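Residue-level structure breakdown
These are the residues of each chain, in order.
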Amino acid sequence: MFEDKHVAITGAGGGIGRAFAEMFIAEGAKVSICDLRDPTDVAREIGATGYACDVSDESAVQDLIVKSGSMNGPIDIYIANAGVGFSDHPAGHAAGAGNGAWETSWQVNVMGAVYAARALLPSWIARGSGNFVIVASAAGLLNQIGSASYSTTKHAAVGFSEAIAIAHRDDGISAHCVCPQYVRTNMTKGMKFAENNPDGLLEPSDVANALKKAIKDDIFMVLPHPVVGDYFKAKAMDYEGWIDGMVRLRRKVPFPGVNSG
Ligand SMILES: NC(=O)c1ccc[n+]([C@@H]2O[C@H](COP(=O)([O-])OP(=O)(O)OC[C@H]3O[C@@H](n4cnc5c(N)ncnc54)[C@H](O)[C@@H]3O)[C@@H](O)[C@H]2O)c1
């Protein structure tokens with residue numbers, strides 16, 4: 001299904017993005033990866049093309065799309081995977097992270113996808129196809145205790161994914177929103193709650209396989225941990241009870257930015 005498709009993936013120097021790249025390459029796609037630090041070595045190792053690109057810079061995202069397009073052909077599948085997370089430190093309350101952390105979270109977790117969609121949608125609408133993938137998080141459907149900036153911007157990423165799905169299905173374009181809970185990457189390294197999570201710490205390749213199936217079946221909401229769907233339903237059915245449960249969890253568990261370092 002992905003033979004000769006051009007797949008571009010941001011934040012793919014490691015972690016989930018690299019696993020996406022390896023999966024698409026195994027499926028016969030031509031893959032372009034980008035990251036803040038030039039990922040040329042990783043690209044060479046796995047058989048992709050690598051670009052340095054800061055997704056919070058609109059002109060850099062435009063350049064990535066033009067340069068990778070001239071190398072591998074027009075992009076068929078774009079994966080806005082680059083993401084950042086900051087704890088509520090230094091103040092520790094819900095607005096405790098500094099403006100820099102909030103701004104960077106907004107720029108990378110939300111605007112990085114907006115910039116790419118703005119550059120790609122006109123040509124995708126004209127040709128009647130394209131898959132736009134946003135890697136949000138379970139925190140975008142539920143919440144990440146100890147990181148209000150991450151939770152808030154990942155909710156926005158879910159909202160933007162929905163907007164693409166609704167606005168562009170009739171143009172032949174599919175949107176996919178990936179909402180994992182904890183996955184073994186640099187982002188969760190040393191986070192005891194993630195490593196010992198009762199719902200399981202997935203491998204990046206598990207997330208890649210979930211995305212492969214979702215694109216094949218044209219599924220919007222990709223939940224590598226299916227239990228996240230149950231939590232989301234429970235939240236919608238009983239918002240008050242869900243907040244009560246999260247307050248109890250916050251008291252019990254040492255989250256970074258709350259009751260641990
Ligand atoms: N690991 C998890 O438990 C988990 C859970 C849910 C969602 N996610 C999301 O998955 C995505 C991938 O994260 P990961 O877990 O592989 O962690 P990671 O830290 O390994 O990967 C994130 C990548 O994004 C890159 N990046 C950051 N800012 C960037 C920028 N301005 N421009 C370009 N690249 C930039 C980083 O350099 C890094 O390589 C993120 O969006 C993250 O929020 C992760």
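Described below are features of the structure shown in this document.

Conventions adopted
- Per-chain numbering applies: the sequence of each chain, read as written, is numbered from 1 onward.
- A pLDDT threshold of at least 70 governs which residues receive local features in this predicted model, and a stricter bar of 80 or more applies before side-chain atom pairs are shown or counted, although totals over entire chains, interfaces and linings include all residues.
- By convention in this description, side-chain values take in all heavy atoms of the structure and omit both hydrogens and water.
- Here the term buried applies to any residue with accessible area under 20% of the maximum for its type, exposed to any over 50%, and partly exposed to those in between, with areas from a 1.4 Å probe on protein chains only.
- Secondary structure elements are taken from DSSP: a helix is a run of H or I of four residues or more, a strand is a run of E of two residues or more, and numbering for both begins at the N terminus.
- The pairing criterion is simple: DSSP has to find at least two bridges between the two strands.
- A clockwise path from the first strand over the helix to the second, with the strands pointing away from the viewer, defines a right-handed crossover.
- What counts as a salt bridge is simple: a side-chain nitrogen of Lys or Arg found within 4 Å of a carboxyl oxygen of Asp or Glu.
- Interaxial angles span 0 to 180 degrees and are taken between N-to-C directions of axes, which are lines fitted to C-alpha atoms, for helices over the stretch in contact.
- With respect to orientation, any angle under 35 degrees is reported as roughly parallel, any angle over 145 as roughly antiparallel, any angle of 65 to 115 as roughly perpendicular, and every other angle as oblique.
- Two helices cross in a left-handed way if the nearer one is turned anticlockwise from the farther one by less than a right angle. They cross in a right-handed way if the turn is clockwise.
- Any two residues whose heavy atoms approach within 4.5 Å at even a single point are treated as in contact.
- When residue character is reported, Ala, Val, Leu, Ile, Met, Phe, Trp, Tyr, Cys and Pro are called nonpolar, Asp, Glu, Lys and Arg charged, and the others, Gly included, polar.

1. Things to note about the pairing of strand β6 (residues 173-178)
Burial within β6 is extensive, with six of its six residues counted as buried. The alternating pattern of β6 places Ile-173, Ala-175 and Cys-177 and Ser-174, His-176 and Val-178 on opposite faces, both of which are buried. Of the pairings in the sheet, the one linking strand β5 (residues 130-135) to β6 comprises six bridges and is parallel in character. Each bridged residue has a counterpart across the sheet, and for Ile-134 the counterpart in β6 is Cys-177. With helix α5 (residues 148-168) bridging β5 and the parallel β6, this β-α-β connection has right-handed handedness. Here β6 runs beside strand β7 (residues 221-222); their pairing, made up of two bridges, is parallel. Across the sheet, the residue bridging to Cys-177 is Met-221, located in β7.

2. Considering the pattern of salt bridges
Evaluated as defined, the whole model comprises nine salt bridges. The closest approach of N and O atoms between Glu-22 and Arg-18, which form a salt bridge, is 3.2 Å. Highlighted residues: Glu-22 and Arg-18, both in helix α1 (residues 15-26), separated by four residues, approximately one helical turn. Across the salt bridge formed by Arg-44 and Asp-41, the nearest N and O atoms sit 3.7 Å from each other. Of this pair, Arg-44 and Asp-41 both sit in helix α2 (residues 40-46), separated by three residues, roughly a single helical turn. Here the two residues Arg-44 and Asp-41 agree in accessibility, since each one is exposed. Within the structure, one salt-bridge network assembled from shared partners comprises Arg-18, Glu-22 and Glu-45.

3. Examining the packing of helix α3 (residues 58-72) against helix α4 (residues 99-127)
Running from amino to carboxyl end, α3 crosses α4 at an angle of 45°, the nearest separation of the two axes being 9 Å. Relative to α4, the element α3 is oriented oblique. Handedness of the α3/α4 crossing: right-handed. Across from Glu-58, Val-61, Gln-62 and Ile-65 in α3, the residues of α4 making contact are Tyr-115, Ala-116, Arg-118, Ala-119 and Leu-120. Here the contact of α3 with α4 is built from residues that sort into six nonpolar, one polar and two charged.

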